[in-house]
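In case you want the letters, here they are:
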Amino acid sequence: MRLGRYLQAFSLVALAVLLAVALTYKGLGDLPNPAVRDLALWYLYTTLNPEVPNMTVMSPEAVTAIVWDYRGLDTLFETMVFFLAIVGALAIMRGITLNEGGEGLHIERYGLSLITKTATKLLVPLIIGVSASIALHGHLTPGGGFQGGSAAAVAPLLVLVIFSTYYVVFKLRLSELSMISLRTLGLMGIYMTSFATLILGLVIGVNAYIFQNMPKANAFIGLPPALGGSLISGTLFFFNLFEFFAVAAGFTLVFILLSIPEVKAREVLKGEEHGH
Amino acid sequence: MIEPKLISYLFMAVAGALSLIATYLAVIEKDLVKAVIYSAIQSTAYTILFYLLMAPDIALVYIPVAVGLYPAVVFFLIKKTERFEESG
């Protein structure tokens with residue numbers, strides 16, 4: 001038994017070392033062609049460069065520029081995958097809800113100790129502030145809608161665990177329905193932003209594309225790169241903002257559903273079996 | 001004089017080794033709550049690696065997802081099922 005454990009550990013270390021050696025001596029095939037790096041150089045050259053007006057994204061953050069502009073469709077479909085995952089969770093948990101029965105509960109008796117609750121009260125505004133900064137500065141500094149949204153989802157998660165589900169649902173009024181509404185609002189925002197330039201082009205009567213951000217060679221219209229003197233990089237700011245809401249609300253929704261006591265879930269499932 | 005690049009490589013090696021140890025412990029651990037904590041330690045090591053490999057965007061999303069949200073989901077599921085893995 002003991003020898004087996006040593007063998008397991010040794011084989012893991014040996015695997016790591018051998019993989020490193022193989023990669024160093026190109027044992028797993030050649031490394032990617034350096035010519036691929038020209039593409040990266042092109043992104044870096046055009047990402048914030050007013051001298052190439054039909055190519056630039058007007059965002060100093062090349063990663064967000066790639067995620068929401070150069071390769072924006074990939075991110076749109078990623079958002080769709082996340083949307084479907086949440087729909088799946090909702091479909092499995094259908095009918096299981098905490099929306100009623102909160103009147104007679106002593107909510108303050110649930111949850112962890114007073115020390116933990118006070119520390120959480122101090123932490124939650126900080127988490128929300130940092131996550132909003134990550135999301136709203138996504139076009140300027142590392143970060144973006146998904147990063148900010150998932151960081152923001154940690155705040156309701158802490159409250160759920162430390163103050164109990166009843167506190168979140170009955171005191172803070174963060175029910176499943178309000179989370180679904182917030183999430184739909186975010187997704188509608190992403191949808192509208194991807195059509196914004198096209199609608200603008202149709203109204204003015206010039207050529208424009210779906211998912212277009214800055215003016216292109218045969219479509220001279222685009223969203224403004226700056227508003228009131230501060231850089232918003234056209235669609236990037238709005239995509240990050242709406243993605244922030246969609247992701248934060250989506251995660252919070254799943255956590256509210258997961259934290260509903262098993263007894264409640266059983267009641268609903270039993271009801272289904274008896275045909276109620 | 002040690003070059004800054006060498007120090008960064010050294011940190012990467014330490015983080016990589018830490019992640020390997022944490023992964024091994026997470027796999028062999030029978031108490032699933034402890035296994036999730038080992039998994040979070042492994043993710044922290046990966047976050048250091050991502051940061052040193054100049055991917056701060058990934059590091060930013062990796063911290064809340066791998067240390068906050070993912071362990072939370074697994075903890076909820078452990079609470080709904082069983083905490084200890086049966087030997088055999």
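All of these numbers come straight from a predicted model, not from anything done at the bench. The written sequence of each chain sets the order in which its residues are numbered from 1. Chains carry letters from A onward and ligands carry numbers from 1 onward, assigned in written order. At least 70 in pLDDT is required for a residue's local features to be given in this predicted model, at least 80 for side-chain atom pairs to be given and counted, and no such filter applies to totals for whole chains, interfaces and linings, which use all residues. Side-chain numbers come from the whole structure's heavy atoms, not from hydrogens or water.

What follows covers unusual backbone geometry. Residues and elements named next belong to chain A. Within the chain, Met58 stands out as a residue other than glycine whose phi angle is a positive 60°. Residue class for Met58 comes out buried when judged on its relative accessible area of 14%. Residues other than glycine seldom take positive phi values, yet Ser233 does so here, at roughly 55°. Every helix listed is a DSSP run of H or I at least four residues long, and every strand listed is a run of E at least two residues long, numbered separately from the N terminus. Within the secondary structure, Ser233 is located in the loop between strand 2 (230-231) and helix 9 (235-258). Burial classes follow relative accessibility: with a 1.4 Å probe on protein chains only, a residue under 20% of its type's maximum area counts as buried, one over 50% as exposed, and anything between as partly exposed.

This part takes up the UniProt feature "domain: Na+/H+ antiporter MnhB subunit-related protein" (unreviewed entry) in chain A. Summarizing the sequence annotation, UniProt attributes the feature "domain: Na+/H+ antiporter MnhB subunit-related protein" (unreviewed entry) to residues 115-252 of chain A in the numbering used throughout. Secondary structure content for residues 115-252 of chain A is 69% helix and 3% strand, while the C-alpha to C-alpha distance between its ends is 24 Å. UniProt positions are given in the numbering used here, feature names are shortened, and annotations may be inferred rather than shown by experiment.

Interface size is commonly expressed as the accessible surface area that is lost when the partners come together. Domain limits in this description derive from either an automatic procedure or a database domain assignment. Partitioning chain A into structural domains gives domain 1 (1-31) and domain 2 (68-273). Distance from the C-alpha centre of domain 1 of chain A to the C-alpha centre of domain 2 of chain A: 41 Å.

With 26 residues of chain A in contact, the opposing surface of chain B contributes 16 residues. Carbon and sulfur atoms supply 76% of the area that chain A and chain B bury against each other, a total of about 1800 Å² over both sides. Two parts placed together each lose some accessible area under a 1.4 Å probe, and the buried area is that loss summed for both. On the chain A side of the interface with chain B, the three residues burying the most area are A:Leu12, A:Gln147 and A:Leu258, jointly 27% of the side's total. Here a salt bridge means any side-chain nitrogen of Lys or Arg lying within 4 Å of a carboxyl oxygen belonging to Asp or Glu. One can count 1 salt bridge joining chain A with chain B. Contact criterion: two residues are considered in contact whenever any of their non-hydrogen atoms come within 4.5 Å of each other.

Glancing now at helix 4 (residues 72-92) of chain A. All names here are of chain A. Multiplying one less than the number of residues by 1.5 Å gives the expected span of a helix. When the terminal C-alpha atoms of helix 4 are compared, their 31 Å separation across 21 residues agrees well with the 30 Å that a helix rising 1.5 Å per residue should span. Taken together, the buried positions of helix 4 are Gly72, Thr75, Leu76, Thr79, Phe82 and Ile86. Along helix 4, the residues classed as buried sweep out an arc of 120° about the axis, all on the same side. Residues of helix 4 that are exposed and angled more than 90 degrees away from the buried face: Glu78, Val81, Leu84 and Ile92. Those residues of helix 4 that are buried are in contact with helix 3 (62-70), helix 8 (176-204) and helix 9. When we speak of the arc, we mean the arc of directions from the helix axis to the C-beta atoms.

All names here are of chain B. The N-to-C vectors of helix 2 (residues 32-52) and helix 3 (residues 56-80) enclose an angle of 175°; their axes lie 9 Å apart at closest approach. Classified by the angle their axes make, helix 2 and helix 3 are roughly antiparallel. Contacts between helix 2 and helix 3 pair Leu32, Val33, Val36, Ile37, Ser39, Ala40, Ser43, Thr44, Tyr46, Thr47, Phe50 and Tyr51 from the former with Ile58, Ala59, Tyr62, Ile63, Ala66, Val67, Tyr70, Pro71, Val74, Phe75 and Ile78 from the latter. Residues are sorted three ways: Asp, Glu, Lys and Arg are charged, Ala, Val, Leu, Ile, Met, Phe, Trp, Tyr, Cys and Pro are nonpolar, and all the rest, Gly among them, are polar. Here the contact of helix 2 with helix 3 is built from residues that sort into 19 nonpolar, 4 polar and no charged. Lines are fitted to the C-alpha atoms to define the axes, a helix being fitted only along its stretch in contact, and any angle between axes, read from their N-to-C directions, falls within 0 to 180 degrees. In these notes the angle categories are as follows: under 35 degrees is roughly parallel, over 145 is roughly antiparallel, 65 to 115 is roughly perpendicular, and the rest is oblique.

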